[in-house]
Every structure is written in structure tokens, then in C-alpha cells.
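Residue-level structure breakdown
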Number of protein chains: 2
Amino acid sequence: MKDVLIVGAGLVGSLLAANLSQKGYRVKVYERRPDMRKQSMSAGKSINLALSERGWKAIDMVGLRERVQSVAIPMYGRKIHDIKGEVTFQAYGLEGQAIYSVSRGELNAVLMDRAEKDLDVQIHFGWKCISVDFERSVAHFEHSETGEQREEVADLIFGTDGAFSQVRADMQKTPRFNYQQEFIPHGYRELLLPPSDTGEYRLEKNALHIWPRGGYMLIALPNLDKSFTCTLFMPYEGEPSFSSIENGEGVDAFFKRVFPDFHAIMPGLEADYHAHPLSDLVIIRCYPWVRHRTCILGDASHAIVPFYGQGMNSGFEDCSVLNTLIDAHDNQWDGILDEFQKTRKPDADAIAELAMRNYIEMRDLVGDERFLLQKKIEARIHERHPDKWMPLYSQVTFSHRRYSEALREGQEQDKIMDEIMDMPDIAQRWDSLEIETKILSAKNR
Amino acid sequence: MKDVLIVGAGLVGSLLAANLSQKGYRVKVYERRPDMRKQSMSAGKSINLALSERGWKAIDMVGLRERVQSVAIPMYGRKIHDIKGEVTFQAYGLEGQAIYSVSRGELNAVLMDRAEKDLDVQIHFGWKCISVDFERSVAHFEHSETGEQREEVADLIFGTDGAFSQVRADMQKTPRFNYQQEFIPHGYRELLLPPSDTGEYRLEKNALHIWPRGGYMLIALPNLDKSFTCTLFMPYEGEPSFSSIENGEGVDAFFKRVFPDFHAIMPGLEADYHAHPLSDLVIIRCYPWVRHRTCILGDASHAIVPFYGQGMNSGFEDCSVLNTLIDAHDNQWDGILDEFQKTRKPDADAIAELAMRNYIEMRDLVGDERFLLQKKIEARIHERHPDKWMPLYSQVTFSHRRYSEALREGQEQDKIMDEIMDMPDIAQRWDSLEIETKILSAKNR
């Protein structure tokens with residue numbers, strides 16, 4: 001059990017390659033695309049990524065914290081822009097806690113460099129996986145330019161080839177494989193908000209900006225070059241939708257009406273809007289993740305919607321969990337993959353659910369008075385009693401608690417907070433000792 | 001819009017072919033398997049089929065009621081066998097209402113004959129569908145013996161190629177196609193209970209026999225040759241399961257212990273058990289069902305578990321619904337397929353859910369006192385006020401009510417009956433006028 005083959009050199013594949021190589025495995029990676037480090041970044045898929053605690057743990061595992069920190073921008077909370085352009089700030093966690101805006105391409109390059117240059121991983125670019133023979137532990141590849149065919153045998157194969165995984169497609173042909181692909185009714189389109197004429201950020205740098213509008217929303221994350229990557233999430237059809245604004249009042253009028261403060265600072269809106277493609281959002285659920293000595297992880301086994309900022313973080317956590325199991329079993333692989341999938345599947349399901357809920361929260365609730373007050377109360381209790389009350393968002397973002405446990409505890413907290421929020425004079429005495437006591441004793445009952 | 005291509009000559013494909021040919025379309029059918037009418041029936045998949053009202057309506061549509069009646073055996077209710085071998089009878093509906101046991105092969109042959117011999121449908125056997133080009137409305141086939149390739153262009157293409165549909169597999173490659181395949185934890189294995197030594201049925205002929213045992217069950221349906229096709233439904237793993245009995249106490253001992261009356265009449269149990277394969281049960285959900293002028297229907301778009309006896313019936317009802325739409329739109333196809341999928345999808349989802357629930361009912365509840373009493377009360381009200389109260393089972397089985405409406409009304413009825421069943425002395429006065437009035441007035445509130 002020494003030869004490892006990884007299909008896909010994206011974020012999770014590159015990290016896994018580095019980690020397994022550190023542990024003494026001979027690792028080869030095959031990647032369908034050309035080497036992104038040698039050519040200009042494609043605009044392709046790149047919702048900016050928000051790196052949080054679970055991601056950092058995995059980055060630590062391969063010794064890259066400092067390197068990644070140098071290209072990451074902390075965002076300490078949400079700046080919520082209402083329809084009049086008024087802005088409210090909501091901290092994500094305790095003082096100093098932040099999620100970090102990073103560029104997908106930059107981070108991927110850092111991980112590839114680590115794997116390839118420091119850790120002797122071979123990365124073969126331009127090879128598309130055609131099929132995997134699980135019983136023989138063989139993968140077949142074809143070179144995208146030359147058409148050359150190649151087989152690779154390995155002791156272990158990992159499919160980290162993303163939401164449209166070929167490795168998983170072959171698993172789908174094996175008996176009793178459960179599989180679901182669900183496209184949500186919403187798509188997204190990016191916009192690039194450039195630096196100001198004087199070369200500065202056009203919005204507060206250290207925050208994630210949201211323009212929540214009920215059925216749709218706009219968000220913005222800072223880039224190192226002082227631009228912001230902005231993303232409009234909206235249904236494909238209905239009112240309003242990508243279809244209705246493009247065929248109706250038009251993009252410029254729509255933005256002016258519903259995102260007036262953004263419209264005022266965004267030059268060349270119409271052209272920029274049309275320069276970016278309209279992209280899908282898919283949720284992938286499947287099981288099992290393992291066939292013989294092949295295992296899928298990351299988006300390949302559990303692609304989620306991006307609204308909790310946990311897509312990459314959960315994929316990275318897959319690697320940490322696997323790392324722990326490899327150590328616990330002292331590299332004896334007989335039970336490792338099966339234990340991995342059994343342990344990890346409930347957490348993948350939980351974060352899939354949480355991510356969908358957070359979409360509703362982001363677009364509907366973050367503009368809601370009652371919701372904002374609830375968050376303020378929870379934040380206060382958390383600050384005063386960090387050991388007794390950790391809001392769900394913090395559990396997911398700033399802890400290593402299992403997603404499935406966070407989901408369950410979040411449900412309990414919601415029940416308690418519903419009672420609290422139903423108190424008639426809660427807006428007046430939300431920060432009283434009485435409320436605090438009530439919440440903490442409810443927690444213990 | 002004259003040339004119709006149908007992929008798959010199973011039950012739904014053959015019926016659809018006959019119906020469209022009657023309506024004046026030129027219909028070609030391609031079928032992967034050889035002509036079943038020319039060779040001995042394969043044992044393959046053949047849970048006996050239970051034909052009910054929705055199925056008959058579609059059979060009427062192609063003028064085959066009498067022909068099918070001659071090979072169908074009415075089953076007026078369930079014979080429930082308890083663990084001591086005691087038997088209770090539960091009528092399915094009103095006096096004279098029955099579901100009909102038919103052989104899948106026989107019915108399919110009758111439908112093919114009608115399409116091919118009476119209605120000029122061409123059926124091409126041994127051609128496997130390789131792919132469909134939806135934009136061009138072209139399907140590619142390969143002959144399973146000669147390897148010959150062939151293309152067929154048509155104005156309309158229908159995919160009736162079953163739960164593992166190739167037409168659907170190609171749809172899965174088109175943008176934003178939602179898809180789910182879910183294998184339930186249970187599988188099934190058939191047994192053939194032969195006629196007695198004197199050539200008679202070994203069980204009451206005009207009933208569906210059930211041995212409900214909680215997590216698993218055995219059922220038996222009559223055949224024309226005085227045998228019964230029996231099916232054991234059980235989890236693959238756990239206790240008890242196919243795995244646990246085969247590796248544990250053994251098949252014979254298990255049957256003797258849990259199905260003693262069946263064990264007593266079944267000759268050569270062990271050999272017969274192993275002569276039949278262990279088969280999967282899958283639920284398929286997907287949407288849309290239409291791409292350009294190609295539409296999938298039957299199991300290809302909504303395969304369900306067999307526990308409501310509605311798999312074939314719902315596929316046949318697809319054909320009736322489509323038939324009605326074709327007439328309503330006077331063969332102007334522009335809106336027909338889209339209206340078909342929009343109309344039919346909620347009903348497909350509803351019957352998928354009902355079928356899973358009926359599994360729980362069949363294996364767990366039909367042996368339960370409270371449940372039996374509830375059924376008795378509902379049957380009585382239905383008999384006395386057929387216009388005011390139709391039990392869910394009757395709505396699904398003996399009416400043409402939309403499945404989605406039946407599901408909703410069933411939920412309302414359950415609420416009412418839960419209250420009734422919670423009455424302390426219900427077992428004594430279940431048939432009183434007071435209870436009847438209570439139920440009917442709850443219905444109207």
C-alpha cells in the first residue's frame with residue numbers, strides 16, 4: 001500500500017497529494033486541465049473562497065499557514081446593505097475571529113507547488129480520466145491534446161475530480177449506488193468591482209458585503225488587488241430572475257432600483273455583467289464513497305451550495321479526517337476507507353443542509369429586525385459565556401465540531417431562541433441579566 | 001409531426017405504441033431484448049403484477065379489456081397470515097372490487113401483438129439504444145448480435161426504456177437535469193409455490209397473501225397455472241436479512257420459524273430459494289422529463305417500489321394522461337410534452353411516496369390490531385357513504401383521482417382517524433352511528 005493515484009488536482013486533490021506524500025506515500029496526480037500556474041487564470045468557476053477554521057487546520061497539516069496568510073484577506077463580519085443603501089455591520093464571531101477571502105487560483109497554485117516542488121508529487125496535466133476499474137484498481141486516462149491513452153495502477157485511488165466527477169460516474173454503474181444531483185432554481189453571475197480611480201477599495205475591505213433582497217442577493221468579497229469579486233444569486237425563471245431582468249427592465253435599471261449604493265460605485269455595469277457567464281448551483285449526494293480501494297472525496301462525493309462558505313472547507317476537512325484515521329490505523333488500510341465514509345457521510349449531509357439554510361438566511365433574514373436582534377443576543381451570550389453558548393455559525397465556521405453535531409445543537413438553540421424572541425418586551429431588555437439566565441438555564445434543562 | 005420513435009417495448013412502450021398508432025401516427029419501436037414471444041419467458045424481473053383501475057383505463061384505450069381479462073385473476077383482498085399460521089381477510093374495496101394478478105410476460109405479449117399485428121407498429125428487436133441527440137431528434141442503436149449501427153430520426157421520441165433508461169442517461173448530460181437513484185435497504189427474492197399434487201391451488205386463489213413480519217414480509221400472488229409467485233422482501237444486511245439467514249440459521253429453518261404455514265405447503269423450499277436471484281429495489285426521481293421533442297415516461301422517469309402495486313398502473317396512466325392532452329391540443333405538439341411533464345410530475349412524486357409508505361404498512365401494520373380496526377371503520381363508512389369517504393387505498397386503486405390529491409386527502413383522513421382511534425372505547429362502539437357522524441362531520445369541518 002504505497003502507490004497512491006489521485007484524480008484531479010483541484011484544491012482538495014492537491015492538498016491530499018501533499019499530505020499523503022508527507023506521510024511517505026508515492027503520489028501521482030492526474031489533472032484534466034493544463035497547468036494553471038503556467039497560463040493566465042481562466043475566469044471559469046471562481047466564486048471567491050472564504051477560508052475558515054476547518055480549512056486552516058488542513059492547511060496547517062501541510063505546513064502552509066504562513067504562505068496562505070500572505071494572500072488571504074480577513075473578513076470580520078457581514079456588511080449588510082439595505083435597499084436605501086444604509087449599511088449595518090454584523091460580526092461573524094468574537095473579537096478577532098474572521099473568515100478569509102482567498103483567490104481559488106492562487107490557493108490552488110500554492111498547494112500544487114507544495115505538493116510538486118517540496119514533496120515529490122508527480123502532477124500530470126492535460127490527462128482526462130476516462131474510466132476506473134475498481135476491482136483491479138486501475139484508472140484509464142486520455143491526453144486532451146495528443147489523444148494518447150494511458151493506464152495507471154495504484155494501491156489506492158482517490159477521486160477528487162469535483163462535482164462532475166468521472167470516478168463517481170463509474171461508481172454509479174456499480175450495484176446499489178445511491179446518487180442524487182439537484183440543481184437549485186438559482187444560478188449566479190459574477191461581477192468585478194474594480195479599485196477606485198485613486199486605486200483604493202471601493203467598499204470596506206475587511207468584510208463580506210451582502211445586499212439581501214428576499215428571493216435573491218448580491219455579495220462582494222475583497223481581492224488583494226483592491227477589487228471585489230461580486231456575485232449575484234438569483235432564480236433562473238420567475239419574477240425577478242435572470243430571465244426577467246435581461247428580458248425586462250434591463251440590468252442597469254434593475255441594479256439602480258434594488259442595489260442603489262452598489263450601482264453608484266460600479267463602473268461599466270452592463271458590460272461587465274454580460275462578460276461573465278451565468279452558472280449553475282448543484283448539490284451532489286451519493287453513497288457509498290468507496291469501491292474496493294478507490295474513494296471519492298470533496299465535491300466529488302458531496303458538492304454543496306456555496307452559502308455557508310464551507311464547500312472547500314468541508315473538502316479540506318475530509319483530508320484532515322482521513323489523515324487522523326490513517327494515523328489511528330497506522331497505515332493499515334483494511335478498515336480506513338470504510339471508516340472514513342461511515343464517519344464522514346453524516347457530516348457531509350449536515351453541511352449540505354446547513355448550506356441551503358444559510359442561503360435562505362442570507363437572502364431573507366439578514367435584513368430582518370427580529371433576526372438581527374436574535375443574532376445580537378446570541379453574540380452577547382457567546383461573548384460572556386463562550387463555553388456555554390456558541391452560535392451555530394461559530395460552530396460551523398470557527399470550530400472543528402462535527403457538522404452533524406453542530407446542526408443538531410443549532411436546532412436546540414433555535415427552539416430556545418424562539419421562546420426568547422416571542423417575549424413581548426424582548427427588544428427592550430434583550431441585554432438584561434434575566435434574559436441571559438433564562439437562555440442558559442433553558443440550555444441546561 | 002407524424003413519425004414517432006419509441007425506445008423500449010416493455011409494458012408502457014407497447015401500450016403507448018398501440019395508442020399512438022390508433023391516433024394515426026407512424027410508430028416504430030426499438031427494443032433491446034429479443035422478441036419474448038418467440039422464446040421461453042426468462043425468469044428475470046417479474047414480481048407478478050397487480051392490475052388495477054388506472055391500468056384498466058389504459059387497456060380500454062387500446063381495446064384490450066376482454067383479452068386481458070381472460071388472463072387476469074381477481075384478488076378481492078389481502079389474506080394476512082400471522083406467525084401462528086392464522087389467517088385474516090381484509091377486503092380491498094367494496095363488494096366486487098378487486099385488483100388483478102397478471103403475468104408480466106403474458107400482458108406484454110398481448111400489448112405487442114395488438115401494436116404489431118392489428119395496428120401496423122414496427123417493432124425492431126435486439127437493438128440497444130446507444131444515445132439520443134435531442135436537438136436533432138435522432139436516436140442511435142446498435143444490434144446486440146451483429147453489432148450493426150443504425151440511426152433513426154423522428155418527429156417525436158419517447159423513452160420507455162425502464163428504470164435504467166439510456167434515454168434518461170443522455171438527458172442527465174444536459175444542463176440542470178435533476179436526478180436521483182435511491183436503492184432502498186431491502187431486496188427481494190422470488191419463490192414459486194407449485195400447484196398441489198392433485199393439481200390445485202395451495203392457497204386461496206382470489207386473494208393476495210401476505211405474511212407481514214415487521215422489518216420484512218413474504219407475499220404470494222396467484223398464477224393461471226395454479227401456482228403462486230411468492231416474493232420475500234427483506235433488508236440485505238442486519239438482523240434478520242438475506243445475509244443473516246443465508247449465513248446463519250439457514251433458509252429452511254428461518255421459513256419454518258417465521259412462516260410456518262407457508263413452510264408446511266412449500267416443497268423444495270431451499271432449492272427453489274437459491275434458484276432465483278436476489279434483486280434490488282430502486283426509486284428513480286428526475287426532472288425535466290422532456291428535452292426538445294423527446295419525452296421519457298413510465299419507469300424511465302419515475303420508477304417506484306412495488307408495494308402499492310402501482311408501478312405499471314402509473315406508467316399506463318402516463319399514457320392515458322398523454323392521450324387526453326393530445327386530444328385536447330388536437331395533435332398540435334408545441335405545448336403537449338411540456339404540459340404533460342408539468343401535470344404529471346407531482347403525481348409521480350406522490351405515488352413514489354405512497355408506495356414507500358405502503359411498504360411500511362404492509363410489513364408492519366397489517367398485523368396490527370389498531371390498524372385493522374381503523375381499516376374496518378373506514379371500510380364501513382365507505383360502504384355506507386361511498387360519496388363522502390373513500391379510503392386512501394381505494395382512491396389509489398379503484399379511482400382515477402390524481403395521486404397527488406389522493407395523498408393529500410389521505411393525510412387529512414389520517415388526522416381524523418387518529419382522533420377517532422384515540423377514543424378510549426373505540427373497540428366497543430366502532431360501528432355506532434355516533435362514530436359515523438363524528439367522522440363525517442370532521443370531514444366537513
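Residues numbered from 1 in each chain as written. Chains lettered and ligands numbered in written order. Predicted model: local features only at pLDDT ≥ 70, side-chain atom pairs only at ≥ 80, totals over all residues. Heavy atoms only, no water.

**Concerning the overall build of chain A**
Counted only if it meets this: Strands are runs of DSSP state E lasting at least 2 residues, helices are runs of H or I lasting at least 4, and numbering of each runs from the N terminus. We compute the radius of gyration over the C-alpha atoms and compare it with the globule rule, which gives 2.2 Å times the number of residues raised to the power 0.38. When accessible area is computed with a 1.4 Å probe and restricted to protein chains, residues below 20% of their type maximum are described as buried, those above 50% as exposed, and intermediate ones as partly exposed. Contacts are assigned to residue pairs that have any heavy atoms within 4.5 Å of one another. Accessible surface area values rest on a Shrake-Rupley calculation with a 1.4 Å probe, where residue burial reflects the displayed protein chains alone. Just so you know, the count uses Lys and Arg for positive and Asp and Glu for negative, and it drops His and the chain ends. The atom standing in for a charge is NZ when the residue is Lys, CZ when it is Arg, CG when it is Asp and CD when it is Glu.
Counting its regular elements, chain A contains 17 helices and 19 strands. Taking 445 residues into account, the globule formula puts the C-alpha radius of gyration at 22 Å, and chain A, at 23 Å, falls close to it. Each principal axis of the C-alpha atoms in chain A carries an extent, and together these give about 65 × 55 × 40 Å. For chain A, the proportion of its 445 residues judged to be buried stands at 56%. When contacts within chain A are restricted to residue pairs at least 6 apart in sequence, long-range pairs at least 24 apart make up 69% of them. Approximately 18900 Å² of chain A is accessible, and the part contributed by carbon and sulfur atoms is 48%. Positive and negative charge centroids in chain A, built from 54 and 68 side chains respectively, lie 2 Å apart.

**Structural notes on the relation of the copies chain B and chain A**
The line we're drawing: Alignment of copies: least-squares fit on C-alpha atoms of residues with pLDDT of at least 70 in both copies.
Superposing chain B onto chain A takes a rotation of 180° combined with a translation of 0.0 Å along the rotation axis, leaving an RMSD of 0.0 Å. In the structure described here, the two chain copies are related by an operation that fits a two-fold rotation axis. Every residue of chain B has its C-alpha some distance from the rotation axis, and the shortest such distance is that of B:Gln180, at 2.0 Å. Taken as a fraction of all interface residues of chain B, those also at the interface in chain A reach 100%, which identifies the copy contact as same-surface.

**Quick word on the state of the cysteines**
Any covalent bond linking the sulfur atoms of two cysteines counts as a disulfide. Applicable threshold: A pair of cysteine sulfur atoms is labelled a disulfide when the two atoms are within 2.5 Å.
One pass over the full model with this rule turns up zero disulfides over all chains. Not engaged in a disulfide, the cysteine A:Cys319 finds its nearest cysteine sulfur in A:Cys295; these two sulfurs lie 10 Å apart. The class of A:Cys319 is buried, set by a relative accessible area of 0%. The thiol sulfur of B:Cys295 is not disulfide-bonded, and the nearest other cysteine sulfur, from B:Cys286, lies at 10.0 Å.

**Side note on the packing of aromatic side chains**
Using the following cut-off: In this analysis, rings of Phe, Tyr and Trp, with Trp reduced to its six-membered ring, are considered paired at centre separations within 6.5 Å, and the interplanar angle assigns stacked below 30 degrees, edge-to-face beyond 60, and tilted for intermediate values. Placement of a charge over a ring requires the Lys NZ or Arg CZ to be within 6 Å of the ring centre, with the centre-to-atom vector within 35 degrees of the ring normal.
Tallying each qualifying case throughout the model produces 47 aromatic pairs over all chains. Consider the rings of B:Phe254 and B:Phe259, whose centres lie 6.1 Å apart with planes at 90°: the pair is edge-to-face. B:Phe254 gets classed as buried once you look at its relative accessible area, which sits at 1%. Taken together, the ring pairs in this structure connect A:Trp211, A:Tyr216, A:Phe254, A:Phe255, A:Phe259, A:Phe262 and A:Tyr273 into an aromatic cluster. Residue placement shows A:Arg54 over the ring face of A:Tyr403; its charged tip is 4.1 Å from the ring centre. Just above the ring of B:Tyr25 sits the side chain of B:Lys2; from NZ or CZ to the centre is 5.2 Å.

**A few points about the sheet that holds strand β1 (residues 3-7) of chain B**
Residues and elements named next belong to chain B. For clarity, the threshold we go by: Two strands pair if DSSP finds at least two bridges between them.
One open sheet holds the six strands; their spatial order is β8-β2-β1-β12-β19-β18, and the pairing between them is mixed. Because the sheet does not close on itself, it has two edges, and the strands there are β8 (122-125) and β18 (290-291). Pairing of strand β12 (residues 156-159) with strand β19 (residues 294-296) involves three bridges; the strand directions are parallel. Bridge pairing links Phe-158 to Cys-295 in β19.

**Focus on the layout of surface pockets**
Residues and elements named next belong to chain A. Threshold: Each cavity reported here is a set of points on a 1 Å grid over the protein atoms alone in which a 1.4 Å probe fits but cannot get out, each pocket an open set with protein on both sides within 12 Å along at least five of seven lines, and each lining residue one with an atom within 4 Å of a point. Grid points are joined across faces, edges and corners, and a volume is the space filled by probe spheres set on the points. Nonpolar residues are Ala, Val, Leu, Ile, Met, Phe, Trp, Tyr, Cys and Pro. Charged residues are Asp, Glu, Lys and Arg, and all others, Gly as well, are polar.
Quantified by volume, the second largest pocket comes out at close to 740 Å³. The biggest single contributor to the lining of the second largest pocket is helix α13 (residues 369-384), with 10 residues. Across the lining of the second largest pocket, the residue classes tally to 13 nonpolar, seven polar and 14 charged.

**Points about helix α12 (residues 336-365) of chain A**
Here is the rule we go by: How far a helix is expected to stretch is found by multiplying one less than its residue total by 1.5 Å. What is called the bend at a residue is the angle between a pair of axes, fitted to the seven residues leading up to and ending at it and to the seven starting from it.
Under the 1.5 Å per step criterion, the end-to-end length of α12(A) is 41 Å for 30 residues, consistent within 8% with the ideal 44 Å. Helix geometry: α12(A) is bent most strongly at A:Arg344, by close to 35°, with proline A:Pro346 lying one to four residues after it.

**Observations concerning the sheet that holds strand β9 (residues 127-133) of chain B**
Residues and elements named next belong to chain B. Here is the rule: Fitted lines through C-alpha atoms serve as axes, helices being fitted only where they are in contact, and the angles separating the N-to-C directions of these axes extend from 0 to 180 degrees.
Pairing is antiparallel across the open sheet formed by three strands, whose spatial order is β9-β10-β11. One side of each edge strand has no neighbouring strand; the edge strands of this open sheet are β9 and β11 (149-153). Neighbouring strand axes in the sheet, compared pairwise and without regard to direction, differ in orientation by 25° on average.

**Details of helix α4 (residues 104-118) of chain A**
Residue and element names in this part refer to chain A. Taking 1.5 Å of rise per residue, 15 residues should cover 21 Å, and α4 covers 21 Å from first to last C-alpha, within 8% of that figure. Buried within α4 we find Gly-105, Leu-107, Asn-108, Ala-109, Val-110, Leu-111, Met-112, Arg-114 and Ala-115. In the core, the buried residues of α4 are packed alongside α1 (11-22), α2 (53-61), α3 (65-69), β7 (99-102), β8 (122-125) and α11 (311-328).

**With respect to the interface of chain B and chain A**
What counts, and what does not: Joining two parts hides part of their accessible area as seen by a 1.4 Å probe, and the buried area is that hidden amount summed over both. Salt bridges are defined as contacts in which a side-chain nitrogen from Lys or Arg sits within 4 Å of a carboxyl oxygen from Asp or Glu. Any N or O atom pair separated by 3.5 Å or less is treated as a polar contact, with the protein-specific requirement of one donor-capable and one acceptor-capable atom, and with residues adjacent in sequence counted only for side-chain atom pairs.
Every contact between the two is made by 14 residues of chain B and, on the other side, 14 residues of chain A. Surface buried jointly by chain B and chain A totals about 1300 Å² across both partners, of which 36% is contributed by carbon and sulfur atoms. Interface area lost by chain B to chain A is led by B:Arg176, B:Gln181 and B:Phe183, which between them contribute 50%. At the junction of chain B and chain A, the tally comes to two salt bridges. The closest approach of N and O atoms between A:Asp280 and B:Arg176, which form a salt bridge, is 3.7 Å. Our count for the chain B to chain A interface comes out at 10 residue pairs in polar contact (both at pLDDT 80 or more). Per-element accounting of the side of chain B that touches chain A gives the leading share, nine residues, to strand β13 (residues 178-193) of chain B. Residue composition of the side of chain B that touches chain A, grouped by class: six nonpolar, five polar and three charged.

**With respect to the pairing of strand β5 (residues 77-81) of chain B**
Residues and elements named next belong to chain B. Within β5, four of the five residues are buried, leaving the element largely enclosed by the surrounding structure. Strand direction decides the pairing type here: β5 and strand β6 (residues 87-91), joined by five bridges, are antiparallel. From the neighbouring strand, Arg-78 faces β6, where its bridge partner is Gln-90. Where β5 hands over to β6, the hairpin turn is made up of five residues, of which Gly-85 adopts a positive phi near 90°.

**Considering the packing of helix α13 (residues 369-384) of chain B against helix α15 (residues 403-421) of chain B**
All names here are of chain B. As a reminder of what qualifies: Roughly parallel means an angle under 35 degrees; roughly antiparallel means over 145; roughly perpendicular covers 65 to 115; every other angle is labelled oblique. If you view the pair so one helix is near and one far, a crossing is left-handed when the near helix is turned anticlockwise from the far one by less than a right angle, and right-handed when it is turned clockwise.
For the pair α13 and α15, the least separation of the axes is 11 Å and the interaxial angle reads 115°. With respect to their mutual orientation, α13 and α15 come out roughly perpendicular. Two packed elements cross with a definite hand, and for α13 against α15 that hand is right-handed. From α13, Arg-370, Leu-373, Gln-374, Ile-377 and Glu-378 reach across to α15, where they touch Gln-413, Asp-414, Met-417, Asp-418, Ile-420 and Met-421. Looking at the contact of α13 with α15, its residues break down into five nonpolar, two polar and four charged.

**Quick word on the domain arrangement of chain A**
Worth spelling out the cut-off: Each domain's extent was defined by an automatic or database domain assignment.
Considered domain by domain, chain A is made up of domain 1 (3-73 + 101-180 + 282-358), domain 2 (184-280) and domain 3 (368-444). Its C-alpha centre places domain 2 of chain A at a distance of 32 Å from the equivalent point of domain 3 of chain A.

**Examining the environment of A:Asn444**
Residue placement: A:Asn444 occurs in helix α17 (residues 433-444). Each C-alpha atom, one on A:Asn444 and one on A:Pro212, is 35 Å from the other, the two residues being 232 residues apart in sequence.

**A short note on the packing of helix α2 (residues 53-61) of chain B against helix α11 (residues 311-328) of chain B**
Two quantities define a packed helix pair, namely the angle between the axes and the distance from one axis to the other. All names here are of chain B. It is the contact of α2 with α11, at a shortest axis distance of 8 Å, that shows an interaxial angle of 50°. The orientation of α2 relative to α11 falls into the category oblique. The way α2 lies across α11 gives a crossing that is left-handed. Across from Arg-54, Gly-55, Lys-57, Ala-58, Ile-59 and Met-61 in α2, the residues of α11 making contact are Asn-313, Phe-316, Glu-317, Cys-319, Ser-320 and Asn-323. Here the contact of α2 with α11 is composed, by residue class, of five nonpolar, four polar and three charged.

**Considerations on the environment of A:Arg176**
The residue A:Arg176 is located in the loop between α5 (166-171) and β13 (178-193) in this model. Along the backbone, A:Arg176 and A:Pro288 are 112 residues apart, and their C-alpha atoms lie at a distance of 9.0 Å. A distance of 2.7 Å separates a polar atom in the side chain of A:Arg176 from the backbone oxygen of B:Ile184.

**Here we look at the side chain of A:Thr174**
Relative to the helices and strands, A:Thr174 is located in the loop between α5 and β13. Side-chain polar atoms of A:Thr174 contact the side chain of A:Arg291, separated by 2.7 Å.

**With respect to the pattern of salt bridges**
Enumeration according to the criterion identifies 72 salt bridges over all chains in this entry. Its salt-bridge partner being A:Arg370, residue A:Asp422 comes within 3.2 Å of it at the nearest N-O pair. Within this pair, whereas A:Asp422 is found in the loop between α15 (403-421) and α16 (426-429), its partner A:Arg370 is found in helix α13, the two being separated by 52 residues in sequence. Given a relative accessible area of 54%, A:Asp422 falls into the exposed group. On the basis of relative accessible area, A:Arg370 is assigned to the partly exposed category, the value being 38%. The partner of B:Glu361 in a salt bridge is B:Arg78, and the shortest N-O contact between them spans 3.5 Å. Within this pair, whereas B:Glu361 is found in helix α12 (residues 336-365), its partner B:Arg78 is found in strand β5, the two being separated by 283 residues in sequence. In this structure, B:Glu361 and B:Arg78 share a single accessibility class: buried. Salt bridges sharing common partners tie together A:Asp35, A:Arg37, A:Lys38, A:Asp113, A:Glu116 and A:Lys117.

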